[in-house]
Amino acid sequence: MDAHLQDGKNIDDDGREKRTGTLVTASAHIITAVIGSGVLSLAWAIAQLGWVAGPAALMAFSFITYFTSTLLADAYRSPDPVSGKRNYTYMDVVRANLGGNKVQLCGIAQYVNLVGITIGYTITASISMVAVKKSNCFHSEGHAASCKSSSYPYMIIFAGIQIILSQIPNFDKLSWLSILAAVMSFAYSSIGLGLSIAKVVAGGGGGVRTSLTGVQVGLDVSGQDKVWRTFQAIGDIAFAYAYSTVLVEIQDTLKSYPPENKVMKKASLAGVSTTTVFYVLCGCLGYAAFGNDAPGNFLTGFGFYEPFWLIDFANDTLKSYPPENKVMKKASLAGVSTTTVFYVLCGCLGYAAFGNDAPGNFLTGFGFYEPFWLIDFANICIAIHLIGAYQVFCQPLFSFFEMKCKRRWPNSKFITTEHILINVPFYGEYYINMFRLVWRTTYVILTAVIAMIFPFFNSFLGLIGAASFYPLTVYFPIEIYIARAKIQRFSVTWVWLKILTWVCLVISLVAATGSVQGLLTDVKKYKPFEMD
């Protein structure tokens, strides 16, 4: 056990470092994970689907995500959702409730998805950094200027920042970064929303073509492209709600409140010991004052050492703190509902502003040129947000791999030894582990290199969304719920849950097909290490 845990004061009920997460920090983690680069492609996605299917898809995905997240929140502890054994990762939840090959399938789906998301965030952050440089260029040289710039130096800068932040030991220490990232996400979403409103008001809708079905065949795209783009747009919207991948890990940061009986025992100890001190003092000092002639009723109630009616009253007034699953459900509701409002507003108003010509990323695709300083600020907010979001998604992967290595080589000092490096202000003693330093640095570098080789934004987002949505957001939470609740096969509940599962599988396959086609098209046009 680490030296800083040996005193026992910072140990939780399961022997691990005491958790400090709250509803606020969990909501911040969720908002950081959900409001990501996906919001930037929603105007484009609505343009492909139109006024009817676009908002309907957003609402449908938000409902499905929230519903399944509540099912997953109840599975954090097993078999009882309040007092059962903790499951620290998504794989642990599947192992405790389903078992078999599904554990390995969950691990592959989750961790491949986490790698994909971190690659996607590296691409998006570099695009936003490049957009700042281009914005200043367009402002000084004119909107017709070429203003070409390479994203690769910015990917290297982003990777350098992540190498430093990746040394944060665990998810629980990320609260401050998630709160900062959540603030940044609201900032750039609000800026995009405000600019869209301004464009709609200023243009009065003139020259902007929108329709109930989105881009029009023959006028905007070919029939084949319409199909592929529709599929890809569905994948983009699915990616915009991707946080089930890290839901269990977020829930594992929540602190455990003691139940009423433990609180009452502590209150009784404090109350009885305090009154005993007063009683001894009053009795002894009263006897010293009155001697053998002390009156029979020196203080009213003296001698009633245990006023049981008062104990009963106190017990009935104790606050019942919510367990982790209830806190997580509230955090999921707050996170998903807040982001859905932003998504609908940004997507619909972005489509109203740009119509069928909406860019794939409406802050970096230069649908807006002025005011350039506001565009710059929004893109800086995007980059800061993605710095935090990258950590939210990579920390579970780091933890999983490091835990596996510790179990495989428990006597390796290189893997297990923690060294006190420095006393960091507002943090305390920082412990460095050489294996953590080498492995996390290597991971960040590898994801940056892959991002440089495949810098395709929209198609990549759609593919990630399609790959993760069905297994992690729908299939496993529903199967876990069926197993925990012991729902009978072919009952009404079982049938409609299975229908939901199969519908979501079809949606994921359709979205994946569109995204793969988009990636193939991008690859044909792509020239490595060429400036955009």
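Here the structure is shown first, and the text comes after it.
Reading the values: rules and limits
- Residues numbered from 1 in each chain as written.
- Predicted model: local features only at pLDDT ≥ 70, side-chain atom pairs only at ≥ 80, totals over all residues.
- Heavy atoms only, no water.
- Helix = DSSP H or I, 4+ residues; strand = E, 2+ residues; numbered from the N terminus.
- Contact = heavy atoms within 4.5 Å.
- Areas by Shrake-Rupley, 256 points an atom, 1.4 Å probe, with all protein chains shown as cover.
- Core = buried A, V, L, I, M, F, W, Y, C linked by side-chain atoms within 4.5 Å.
- Buried < 20%, exposed > 50% of the residue type's maximum accessible area, 1.4 Å probe, protein only.
- Axes fitted to C-alpha atoms, helices over the stretch in contact; angles between N-to-C directions.
- Left-handed = near helix turned anticlockwise from the far one by under 90°.
- Nonpolar A, V, L, I, M, F, W, Y, C, P; charged D, E, K, R; others polar.
- Salt bridge = Lys/Arg side-chain N within 4 Å of Asp/Glu carboxyl O.
- Phe/Tyr/Trp six-rings, centres within 6.5 Å; stacked < 30°, edge-to-face > 60°.
- Parallel < 35°, antiparallel > 145°, perpendicular 65-115°, else oblique.
- Expected span 1.5 Å × (residues − 1).
- Polar contact = N/O pair within 3.5 Å; in protein donor to acceptor, adjacent residues only side chain to side chain.

A. Local environment of the overall build of the protein. Across its full length, the protein holds 16 helices and four strands. In the protein, the share of contacts with a sequence separation of at least 24, taken over all contacts with a separation of at least 6, comes to 82%. Here the protein displays about 25,000 Å² of accessible surface, and carbon together with sulfur accounts for 67% of that area.

B. Quick look at the nonpolar core. Grouped together as the largest cluster of nonpolar side chains are 109 residues, with contacts concentrated most on Phe61, Tyr121, Ile237, Tyr241, Tyr343 and Tyr443. Per-element accounting of this core gives the leading share, 16 residues, to helix H12 (residues 372-408). Counting residues in each nonpolar core, the second largest holds six residues, with Ile119, Ile123, Tyr152 and Ala451 among its members.

C. Quick look at the packing of helix H4 (residues 101-141) against helix H14 (residues 434-453). Look at H4 against H14: their axes get within 9 Å of each other, and the N-to-C directions meet at 65 degrees. Seen along the crossing, H4 lies across H14 with a hand that is right-handed. Touching Leu114, Val115, Thr118, Ile119, Thr122 and Ile123 of H4 are Tyr443, Thr447, Ala448, Ile450 and Ala451, all from H14. Looking at the contact of H4 with H14 residue by residue, the classes come out as eight nonpolar, three polar and no charged.

D. Local environment of the pattern of salt bridges. Here the structure, examined in full by the defined rule, presents seven salt bridges. A salt bridge links Arg86 to Glu324; the shortest N-O distance between them is 3.4 Å. Residue Arg86 is located in strand S2 (residues 85-86), and its partner Glu324 is located in helix H11 (residues 324-354); the two are separated by 238 residues in the primary sequence. Of the two residues, Arg86 and Glu324, neither departs from the other in class, the shared state being buried. One salt bridge in this structure joins Glu479 and Lys102, with 4.0 Å as the shortest N-O distance. Of the two residues, Glu479 sits in helix H15 (residues 458-485) while Lys102 sits in helix H4, which places them 377 residues apart along the sequence. The class of Lys102 is partly exposed, set by a relative accessible area of 26%.

E. View of the packing of aromatic side chains. Scanning the entire structure with this criterion turns up 18 aromatic pairs. Measuring from ring centre to ring centre gives 5.7 Å for Phe67 and Trp496, while their planes differ by 40 degrees; the resulting arrangement is tilted. Separated by 429 residues along the polypeptide, Phe67 in helix H2 (residues 42-73) and Trp496 in helix H16 (residues 492-525) bring together distant segments of the chain. Classification of Phe67 as buried rests on a relative accessible area of 19%.

F. Up close: the packing of helix H1 (residues 23-34) against H12. The contact between H1 and H12 brings their axes to 9 Å, and the two run at 110 degrees. Here H1 lies roughly perpendicular to H12, going by the angle between them. On the side of H1, the interface is formed by His29, Ile31, Thr32 and Ala33, while H12 contributes His385, Gly388, Ala389, Val392 and Phe393. Of the residues contributing to the contact of H1 with H12, the split by class is five nonpolar, four polar and no charged.

G. Summary view of H11. Between its first and last C-alpha, H11 extends 43 Å over 31 residues, near the 45 Å set by a 1.5 Å rise per residue. Just beyond H11, the residue with positive phi is Gly355, at close to 65 degrees.

H. Spatial organisation of the side chain of Ser185. Its location among the elements puts Ser185 in helix H6 (residues 175-203). Side-chain polar atoms of Ser185 contact the backbone oxygen of Ala182, separated by 2.6 Å.

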